[in-house]
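Observations on chain architecture
Chain by chain, the residues:
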Amino acid sequence: VQLQASGGGLVQAGGSLRLSCAASGFPSGFSFSSYSMGWFRQAPGKEREFVATISGTGGSTLYTNSVKGRFTISRDNAKNTVYLQMNSLNPEDTAVYYCAAAGVGVVVTTTRAYDYWGQGTQVTVSS
């Protein structure tokens, strides 16, 4: 499975960005809806951390506490794409954001649960 993340950029504090992650190359017998999807981020000098996840059907979502009420994860299974709408951004949100796919199909928050990773997209929030 190949994942291509896009939508990062430079934004002022309080602004918004929408990240997208397009998936392709599914193994035989699998489709995009077979995979739960997650967004993680990694700031310089820090470990990669969980941000949000959505189940294969889109019926379940989970967020890390620091983004609840500001970020929304969604997916369009017809377009094989997962999104992360980020509002009220602050400088602490600055990081490289990665999308990932997990074959379990249910919401998962640990990096080791994910089978495939995208290349990352830089998000920089200026104060």
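Everything here concerns the structure above.
Structural notes, computed from the coordinates. (Residues numbered from 1 in each chain as written. Predicted model: local features only at pLDDT ≥ 70, side-chain atom pairs only at ≥ 80, totals over all residues. Heavy atoms only, no water.)

On to the nonpolar core. With 30 residues, the main nonpolar core has Met 37, Trp 39, Leu 84, Met 86 and Tyr 97 as its most contacted residues. When contributions to this core are tallied by element, the ones reaching two or more residues are strand 1 (2–6), strand 3 (17–24), strand 4 (36–42), strand 5 (49–54), strand 7 (71–76), strand 8 (81–86), strand 9 (95–102) and strand 11 (121–126). Formed by 6 residues, the second largest nonpolar core is a distinct cluster that contains Phe 40, Ala 102, Val 108 and Tyr 114. (Core = buried A, V, L, I, M, F, W, Y, C linked by side-chain atoms within 4.5 Å. Buried < 20%, exposed > 50% of the residue type's maximum accessible area, 1.4 Å probe, protein only. Helix = DSSP H or I, 4+ residues; strand = E, 2+ residues; numbered from the N terminus.)

Position of Tyr 116 relative to the elements: it lies in strand 10 (residues 116–117). Taking C-alpha positions, Tyr 116 is 10.0 Å from Ala 23, a pair spaced 93 residues apart along the chain. The residues contacting Tyr 116, other than those within four sequence positions of it, are Val 1, Leu 3, Pro 27, Tyr 35, Cys 99, Ala 100 and Ala 101. (Contact = heavy atoms within 4.5 Å.)

Turning our attention to the environment of Leu 89. On the secondary structure map, Leu 89 appears in the loop between strand 8 and strand 9. For Leu 89, a relative accessible area of 2% gives the class buried. Residues Leu 89 and Ile 54, spaced 35 residues apart in sequence, show a C-alpha to C-alpha distance of 21 Å. Apart from the residues within four sequence positions on either side, Leu 89 is in contact with Val 11, Ala 13, Gly 14, Gly 15, Ser 16, Leu 17, Arg 70, Phe 71 and Val 125.

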